[in-house]
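# A look at the structure
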Amino acid sequence: MAASKIQALWNHPAGPKTIHFWAPTFKWGISIANVADFSKPPEKISYPQQVAVTCTGLIWSRYSTVITPKNWNLFSVNVVMAGTGIYQLARKTRHDHFSEVQVPGKE
Amino acid sequence: MAAFKAFWNSPVGPKTTHFWGPIANWGFVAAGLVDTQKPPEMISRNMTAAMCVYSGLFMRFAWMVQPRNYLLLVCHASNESVQLYQLSRWANAQGYLEKKEPEGQH
């Protein structure tokens, strides 16, 4: 019984024998890279890049439910990716605009 | 006019998400291009390397997905180029691309 379930997954049109599996699986690398970068100082965060990560994540969450085959792996990775982008943007924005304490004479 | 109408009503045209998904991904290309003008110390090795693998895989994905998505393909080909360039800038700043420098770093 378990074997046939595994077989079904293995042979799925978005399964591990196809690019529909590996491309989204690798996309987790972007979220992982971003999470690793959570510990980097906010000065090093790039606004354009994180805006791109966030917007891409949001739009692709939608895209992945309307392509053929429907791709939940792609959906979940994009939801998480948007989340990491939003967090990075929040970190940098907070640093740039809400922690002026160490900058004398700047208002 | 006919060509525009064909585009407008295309199954991968601007009335569909098959269009806007790839448009969103051009954001990576734009961000990458903007970042080429910034100092290489700001480049994230993790993110740039991840982008290089990601765009390589997604060029193939764009080709195989139904409907086939040329806009996505071109987008990822461009991103691959930009990210590889950024990676080379990072490597150069780290000293990995030095030639014949026996007493350099490393």
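A brief report on the enclosed structure follows. (Residues numbered from 1 in each chain as written. Chains lettered and ligands numbered in written order. Predicted model: local features only at pLDDT ≥ 70, side-chain atom pairs only at ≥ 80, totals over all residues. Heavy atoms only, no water.)

Attention now goes to the overall build of chain A. Helix and strand content of chain A: four helices and zero strands. Put simply, chain A runs from its N terminus to its C terminus through helices and strands in the order α-α-α-α. Scaling as 2.2 N^0.38, a compact globule of 107 residues should have a C-alpha radius of gyration of about 13 Å, whereas chain A reaches 19 Å, well beyond that. Dimensions of chain A, computed from the C-alpha atoms along their principal axes, are close to 70 × 25 × 20 Å. Residues counted as buried form 38% of the 107 residues belonging to chain A. In chain A, 72% of the contacts between residues at least 6 apart in sequence involve partners at least 24 apart. In the form shown here, chain A has an accessible surface area of approximately 6,100 Å², with 69% of it arising from carbon and sulfur atoms. Placing the 11 positive and 5 negative side-chain charges of chain A at their respective mean positions leaves the two points 21 Å apart. (Helix = DSSP H or I, 4+ residues; strand = E, 2+ residues; numbered from the N terminus. Rg over C-alpha atoms; globule rule 2.2 N^0.38 Å. Buried < 20%, exposed > 50% of the residue type's maximum accessible area, 1.4 Å probe, protein only. Contact = heavy atoms within 4.5 Å. Areas by Shrake-Rupley, 256 points an atom, 1.4 Å probe, with all protein chains shown as cover. Lys, Arg positive; Asp, Glu negative; His and termini not counted. Charge placed at Lys NZ, Arg CZ, Asp CG, Glu CD.)

Our focus in this paragraph is the state of the cysteines. Residue and element names in this part refer to chain B. If you walk through the whole model with that rule in mind, you get zero disulfides over all chains. Between Cys-52, a cysteine without a disulfide, and Cys-75, which holds the nearest cysteine sulfur, the sulfur-to-sulfur distance is 14 Å. For Cys-52, a relative accessible area of 9% puts it in the buried group. (Disulfide = S-S within 2.5 Å.)

Looking now at the packing of helix H3 (residues 45-64) of chain B against helix H4 (residues 70-94) of chain B. Residues and elements named next belong to chain B. For the pair H3 and H4, the least separation of the axes is 8 Å and the interaxial angle reads 155 degrees. Judged on the interaxial angle alone, H4 and H3 are roughly antiparallel. Here H3 runs over H4; the crossing is left-handed. Split into classes, the residues belonging to the contact of H3 with H4 amount to 16 nonpolar, seven polar and two charged. (Axes fitted to C-alpha atoms, helices over the stretch in contact; angles between N-to-C directions. Parallel < 35°, antiparallel > 145°, perpendicular 65-115°, else oblique. Left-handed = near helix turned anticlockwise from the far one by under 90°. Nonpolar A, V, L, I, M, F, W, Y, C, P; charged D, E, K, R; others polar.)

Contact residues are listed per partner, giving 32 residues for chain B and 35 residues for chain A. For the pair chain B and chain A, the summed buried area comes to about 2,700 Å², and 71% of that belongs to carbon and sulfur atoms. Among the residues of chain B in contact with chain A, Thr17(B), Met47(B) and Phe61(B) are the three that bury the most area, contributing 22% of the side total. At the junction of chain B with chain A, the criterion picks out zero salt bridges. Between chain B and chain A we count eight residue pairs in polar contact (both at pLDDT 80 or more) in total. At the level of elements, helix H2 (17-35) and H3 of chain B are the ones that each hand at least two residues to the side of chain B that touches chain A. For the side of chain B that touches chain A, the leading source of residues is H2(B), giving twelve residues. A class-by-class count of the residues in the side of chain B that touches chain A yields 19 nonpolar, nine polar and four charged. (Buried area = accessible area lost by both parts, 1.4 Å probe. Salt bridge = Lys/Arg side-chain N within 4 Å of Asp/Glu carboxyl O. Polar contact = N/O pair within 3.5 Å; in protein donor to acceptor, adjacent residues only side chain to side chain.)

In this section: the packing of aromatic side chains. Across all of its chains, the model carries 14 aromatic pairs over all chains by this definition. Taking the centre distance of 5.1 Å and the plane angle of 50 degrees together, the rings of Tyr54(B) and Phe58(B) count as tilted. Of the two residues, Tyr54(B) and Phe58(B) both sit in helix H3, four residues apart, roughly one turn of that helix. The class for Phe58(B) is buried, based on a relative accessible area of 1%. One aromatic cluster is present, formed by Trp60(A), Tyr63(A), Phe28(B), Tyr54(B), Phe58(B) and Phe61(B) through successive ring pairs. Over the ring of Trp60(A) we find Lys27(A), and its NZ or CZ is 4.7 Å from the ring centre. Seen from the ring of Tyr47(A), Lys92(A) lies directly overhead, with NZ or CZ sitting 5.3 Å from the centre. (Phe/Tyr/Trp six-rings, centres within 6.5 Å; stacked < 30°, edge-to-face > 60°. Lys NZ or Arg CZ within 6 Å of the ring centre and 35° of its normal.)

What follows is about the pattern of salt bridges. Taken as a whole, this structure holds two salt bridges over all chains when the rule is applied. In this structure, Lys92(A) engages Asp96(A) in a salt bridge whose closest nitrogen and oxygen atoms are separated by 4.0 Å. On the criterion of helical spacing, the pair formed by Lys92(A) and Asp96(A) is a turn pair, its members being four residues apart in helix H4 (residues 72-97). Linking Lys38(B) and Asp35(B) is a salt bridge whose minimum nitrogen-to-oxygen distance equals 2.8 Å. For Asp35(B), a relative accessible area of 10% gives the class buried.

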